[in-house]
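Chain by chain, the residues run as shown.
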Amino acid sequence: MRDFHIPGRSAVYAGRAMAATSMPVATLAALDALRAGGNALDAAVTAAALLGVVEPQSTGIGGDCFCLYKEAGSPDVIALNGSGRAPAAATIDHYEAHGISSLEATSPHGVTIPGAVGAWETLLEAHGRRGLAAALAPAIHYAEAGFAVSPRVAADWANSEDKLRRAGAHALLPNGHAPGVGTLVRQPELAATLRSIAANGARGFYEGPVAAAIVAELRGRGGLHTEADFSEGRTASRFVRPIKRAFDGLTIWECPPNGSGLLALMLLGILEGFGPAPDGPLGPIRVHRHIEAARLVYRDRDALLADPEQATVPVDHLLSDDYLASLRSLIRDDVAMTDLPRAGEALLPAHRDTVYLCVVDEAGNACSFINSTFESFGSGILAGDTGVILHNRGLGFRLERGHPNCIAPRKRPMHTIIPGMATQDGHAAMPFGVMGGHYQPMGQSWFLTNLRHYGLDIQQALDLPRAFPYAGMVELEPTFPQATIDGLTQRGHQITLTRRPHGGGQAILIDRQAGVLTGGSDPRKDGCAMGY
């Protein structure tokens, strides 16, 4: 039971259905979709499309998505990879010939063919009840009628002013500046594009005037994209075999590479061998163990994670008990590692923006869904008069000949976004996810160990302060106890207190015996969980 004298929020309880997203209006739209006859997948796509309007810095139709879906009564967890591919002309020869060894955040070369719209259509055709036009209706309404900017959105928008100005996205800077809290923002050009998709399906995005305008914008900036690349992108989404690992009585499911869900499973495998730390959820030993484990698995990500259609990723080896035990043996409770074996430094941008949402419907179907433009406002490139902000997922590639994750034609980059799903005895137990770019595997494993090892409820597990080892430092949210900060410093960690919260998160816990759903939504975002 939480202390009601301390500011915070309670977990949300319901008996029939529930949705949890990073914006209240999107949570409500998801519930409306359920009440209109849709299932959890219909509700998830509805919420994701709306979030692209009202949380535009984090997601949109110019981004990618991944999905895990557990149908009630089925033993399978369905996984969809909705990440886009590089243009057909994107060869390492081209970049070397033009002296391009790294990519700027606003570079057209960082834009892969957006996968979200094609993924939404693929998912709804296979498992939905209502179709893409119905899912887009709330997004169209708010793009036309406008939405009032919420506090977290306003803060992120203000932090992106310089990027948007450099990229020429002046339509997103009314009166030359980011809109403040409570400002009503309308996006008529985006509404027109959404209407085209509603009328024509995904072809309305990947073919015809919208695709032509996006390609013209990118090529005008030096990009290699063609209308043929976009046409191919309409059907690029793939149903894939999810990967899994047992953890504390649950089975945790993730999308396979090119996504980073593998890292979350590796972290859980390392940490389960330790069990709960003796100093509790915020003690220096607990935090230190998690940091050290993350340093090891992110090292493997940087060296090995890539598109499995074009590179070999040793998933079985990395998830094996023997390998994870060998990593665990490197971690000492009293001191941080000074040297990592086979260290591989990342050439990736700072971790940034994504939206995660989850829905459980009355039939017991559970959906874990994540949609992203990667950095805040992605590349900052506003494509012609389409209203579409294009992501910069291509920054996940390496421009290093011979690296497994080296850019190549029609290749998917290493991806950070990862929905999660927990099952128990073959039934959905909890869709969950934590946003925050590179932080996501760390965030998922932090949330799950909070919940299972330290007995926190679903909301407390999301609320707890977060840590992340990044770029040689340990980033701590400033609400950590001073004793923990001192203990980490004494162990050799270089500490910095981050001004920006680490991501966000949502989860819905399913108690089948009691017939109760329990939802949590991260206070680091503006959203909520609601049910009925």
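Model, not experiment: these values are computed from the prediction.

The rules behind each value
Here, residues in each chain are numbered from 1, in the same order as that chain's written sequence. With the structure being a predicted model, the display of local features is reserved for residues of pLDDT at least 70 and the display and counting of side-chain atom pairs for 80 or more, all residues being used for whole-chain, interface and lining totals. The side-chain figures draw on all heavy atoms in the structure; neither hydrogens nor water molecules are used. Secondary structure elements are taken from DSSP: a helix is a run of H or I of four residues or more, a strand is a run of E of two residues or more, and numbering for both begins at the N terminus. Here the globule rule reads 2.2 Å times residues to the power 0.38, and the radius of gyration is calculated from C-alpha atoms. To sort residues, take the accessible area from a 1.4 Å probe on protein chains only and compare it with the maximum for the residue type: under 20% means buried, over 50% means exposed, and anything in between is partly exposed. Any two residues whose heavy atoms approach within 4.5 Å at even a single point are treated as in contact. Residue burial considers only the protein chains on display, and all accessible areas are found by Shrake-Rupley using a 1.4 Å probe. Neither His nor the chain ends is counted toward charge; the positive residues are Lys and Arg and the negative residues Asp and Glu. Where a charge lies is defined by one atom per residue type, namely NZ (Lys), CZ (Arg), CG (Asp) and CD (Glu). Only the six-membered ring of Trp is used, alongside the rings of Phe and Tyr, when aromatic pairs are assigned; centres must lie within 6.5 Å, and planes under 30 degrees apart are stacked while those over 60 apart are edge-to-face, with the rest tilted. Charge over a ring is defined by NZ of Lys or CZ of Arg lying within 6 Å of the ring centre and within 35 degrees of the ring normal. We treat two strands as partners when DSSP finds at least two bridges between them. To obtain an axis, a line is fitted to C-alpha atoms, over the contacting stretch when the element is a helix, and the angle between two such axes runs from 0 to 180 degrees between their N-to-C directions. By definition here, a helix of n residues has an expected span of 1.5 Å times n minus one. In this description, one arc is meant: the one made by directions from the helix axis to the C-beta atoms. Here, nonpolar core means buried Ala, Val, Leu, Ile, Met, Phe, Trp, Tyr and Cys residues that are tied together by side-chain atoms lying within 4.5 Å of each other. Throughout, a crossing is termed right-handed when the near helix is turned clockwise from the far one, and left-handed when it is turned anticlockwise from it by less than a right angle. Residue classes follow a fixed rule: Ala, Val, Leu, Ile, Met, Phe, Trp, Tyr, Cys and Pro count as nonpolar, while Asp, Glu, Lys and Arg count as charged, and any other residue, Gly among them, counts as polar.

Enquirer: How would you summarise the overall build of the protein chain if you had to cite specific residues and measurements?
Expert: When its secondary structure is counted, the protein chain shows 18 helices and 21 strands. Computed over its C-alpha atoms, the radius of gyration of the protein chain comes to 22 Å, within 12% of the 24 Å expected for a compact globule of 532 residues. Seen along its three principal axes, the alpha-carbon backbone of the protein chain occupies a region of about 60 × 55 × 45 Å. Per-residue burial over the protein chain gives 62% buried out of 532 residues. Excluding contacts between residues fewer than 6 apart, the proportion of contacts in the protein chain whose partners are at least 24 apart in sequence is 74%. Total accessible area on the protein chain is roughly 18,600 Å²; 52% of this is exposed by carbon and sulfur atoms. Positive and negative charge centroids in the protein chain, built from 45 and 53 side chains respectively, lie 1 Å apart.

Enquirer: Kindly report on unusual backbone geometry, identifying the contributing residues and their values.
Expert: When glycine is set aside, most residues are seen to have a negative phi, and most peptide bonds are trans. Here Pro 257 and Asn 258 are connected by a cis peptide whose omega angle stands at 25°. In this structure, Asn 258 sits in the loop between β9 (250-254) and α12 (261-274). Its identity as a non-glycine residue notwithstanding, Phe 374 has a phi of 70°, on the positive side. With a relative accessible area of 2%, Phe 374 lands in the buried category.

Enquirer: So what about the packing of aromatic side chains? Which residues, and what values?
Expert: Applying the stated rule across the entire model yields seven aromatic pairs. An angle of 85° between the planes, with centres 5.4 Å apart, marks the rings of Tyr 439 and Phe 468 as edge-to-face. Taken together, the positions of Tyr 439 in the loop between β15 (427-434) and α16 (440-452) and Phe 468 in strand β16 (residues 467-470) put the pair 29 residues apart, joining distant regions of the chain. We note that Tyr 439, like Phe 468, is buried. One aromatic cluster in this structure is built from Tyr 298, Tyr 439, Phe 468 and Tyr 470. Positioned above the aromatic ring of Trp 446, the side-chain terminus of Arg 286 is 3.6 Å from the ring centre.

Enquirer: Explain the sheet that holds strand β18 (residues 495-497) to me, and be specific about the residues and the numbers.
Expert: Taken in spatial order, the three strands of this open sheet run β16-β17-β18, and their pairing is mixed. On the outer flanks of this sheet lie β16 and β18, each paired with one strand and no other. On average, adjacent strands in this sheet sit at an angle of 30° to one another, irrespective of strand direction. As paired strands, β16 and strand β17 (residues 473-476) are joined by four bridges and run antiparallel to one another. Along β17, the bridge assignment pairs Ala 467 with Leu 476. Where helix α13 (residues 284-304) meets the sheet, it contacts β16 and β17, and its direction lies at approximately 40° from that of β16. Sitting on the sheet, helix α18 (residues 482-490) is in contact with β17 and β18, with an inclination near 150° to β18.

Enquirer: Go over α12 with me, naming the residues and quoting the values.
Expert: A rise of 1.5 Å per residue sets the reference length of α12, with its 14 residues, at 20 Å; its end C-alpha atoms lie 21 Å apart and thus fit the reference within 8%. Burial analysis of α12 places eleven of its 14 residues in the buried class, which makes it a mostly covered element. Taken together, the buried residues of α12 touch β8 (243-247), β9, α13, α14 (315-319), α15 (321-328) and α16. Following α12 by one or two positions, Gly 275 has its phi on the positive side, about 75°.

Enquirer: An account of α15 is requested, with residue identities and associated values reported.
Expert: Looking at α15, one finds that the buried residues are Tyr 323, Leu 324 and Leu 327. Taken around the axis of α15, the buried residues stretch over an arc of 95°, which confines them to a single face. Exposed and oriented more than 90 degrees from the buried face of α15 are Asp 321 and Asp 322.

Enquirer: Pulling in residues and values, what's your account of the environment of Ile 214?
Expert: Among the structural elements, Ile 214 can be located in helix α10 (residues 209-220). Looking at Ile 214, the relative accessible area reads 0%, which means it is buried. Taking the C-alpha atoms as reference points, Ile 214 and Ala 90, separated by 124 residues in sequence, lie 17 Å from one another.

Enquirer: I'd love a proper account of the nonpolar core, names of residues and values included.
Expert: In terms of nonpolar packing, the biggest core is built from 77 residues, with Trp 120, Trp 157, Phe 205 and Phe 369 touching the most fellow members. Here this core gets twelve residues from one element, more than from any other, and that element is helix α2 (residues 40-54). Contacts of Phe 205, omitting those with residues within four sequence positions, involve Ile 61, Pro 114, Val 117, Ile 197, Val 210, Ala 211, Ile 214, Phe 230 and Val 388. Within the second largest apolar cluster, 56 residues are counted, among which are Ile 331, Ala 422, Trp 446 and Leu 456.

Enquirer: Report on the packing of α12 against α13, specifying residues and quantitative values.
Expert: In contact at an axis separation of 10 Å, α12 and α13 are set at 145° when each is read in the N-to-C sense. Crossing hand, α12 versus α13: right-handed. The residues of α13 that touch α12, namely those facing Leu 263, Met 266, Leu 267, Ile 270, Leu 271 and Phe 274, are Arg 289, His 290, Ala 293, Ala 294, Val 297, Tyr 298, Asp 300 and Arg 301. Of the residues that constitute the contact of α12 with α13, the class distribution is ten nonpolar, one polar and three charged.

Purely spatial values, then, with no claim about function.
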